[in-house]
Amino acid sequence: VRKVDLEEFLNTLNVRILLEGEATRLAFGHIPPADIAQIRRDLTALSEATTFDREEHWRLDERVHGLICDNCGNPVLAKMIRALRVATNLFEIERVAERVEPDSTEHMDLLQALETGPASAAIEAMRAHLDSVRVSATRHLIGDWRDSAG
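Quick caveat: nothing in here was measured; it's all calculated off a predicted structure. Starting afresh in each chain, residues are numbered from 1 along the sequence in its written order. pLDDT decides what is reported in this predicted model: residues at 70 or higher carry local features, side-chain atom pairs at 80 or more are listed and counted, and totals for whole chains, interfaces and linings draw on all residues regardless. The basis for the side-chain values is all heavy atoms of the structure; hydrogens and waters are excluded.

K.L.:
Go over helix α2 (residues 33-48), please, and point to the residues and values.
P.N.:
Compared with an ideal rise of 1.5 Å per residue, which puts 16 residues at 22 Å, α2 spans 23 Å between its outermost C-alpha atoms and is within 8% of the ideal. For α2, the set of buried residues is Ile 36, Ile 39, Leu 43 and Leu 46. Looking straight down α2, one finds that the buried residues subtend no more than 90° of arc, so they occupy a single side. Every exposed residue of α2 that faces more than 90 degrees away from the buried side is listed here: Pro 33, Ala 34 and Glu 48. The secondary structure listing takes helices from DSSP runs of H or I that are at least 4 residues long and strands from runs of E that are at least 2 residues long, numbered from the N terminus. By definition here, a helix of n residues has an expected span of 1.5 Å times n minus one. Burial here depends on accessible area, computed with a 1.4 Å probe over protein chains only, as a share of the maximum for the residue type. Under 20% is buried, over 50% is exposed, and the range in between is partly exposed. Working note: the arc is built from the helix axis to C-beta atom directions.

Structure (structure tokens):
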């Protein structure tokens with residue numbers, strides 16, 4: 001398994017913020033409401049589960065971001081986003097448990113904005129989610145560094 005270092009992770013997230021913001025703009029108004037509703041139900045079930053299911057978390061994360069890719073109308077953009085997600089997922093793989101609650105909340109916010117608009121709210125929800133991932137990973141690494149220096 002390929003290792004992704006912090007620099008690559010942060011650079012990749014910065015590109016994802018740009019590309020997924022644009023994909024969200026393009027997808028807004030083109031996503032079937034039933035798809036949003038189903039993912040919302042599945043996110044609720046995951047957040048109410050009594051045990052952490054790493055695989056289900058990743059599947060739902062892919063479905064949320066895939067919803068944007070699949071409905072943005074630009075297959076090249078969708079392919080680029082999916083490729084970048086592989087790199088960020090490789091970095092996050094060990095830290096996913098601590099992201100369950102924020103991811104669920106942020107994904108719900110994104111779905112709400114996609115459903116009710118305006119498009120600018122959906123774009124901002126996507127950007128805020130990806131920025132939250134960046135901040136969370138950075139804080140985690142600073143904590144690891146402090147622990148090892150301590």
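K.L.:
Can you lay out helix α3 (residues 54-71) for me, pointing to particular residues and giving the numbers?
P.N.:
Between the first and last C-alpha of α3 there are 26 Å, a value that for 18 residues agrees with the 26 Å anticipated at 1.5 Å per step. For a residue, the bend is simply the angle between two axes, fitted respectively to the seven-residue segment ending there and the seven-residue segment starting there. Along α3, the sharpest kink reaches roughly 30°, centred on His 65. Taken as a whole, α3 has its buried residues at His 57, Trp 58, Leu 60, Asp 61, Val 64, His 65, Gly 66, Leu 67, Ile 68, Cys 69 and Asn 71. What qualifies as a polar contact is a pair of N or O atoms within 3.5 Å, subject to a donor-acceptor requirement within protein and to the restriction that residues adjacent in sequence count only when both atoms come from side chains. One side-chain oxygen at the N-terminal end of α3 lies 3.2 Å from the backbone nitrogen of Glu 55; it belongs to Asp 53.

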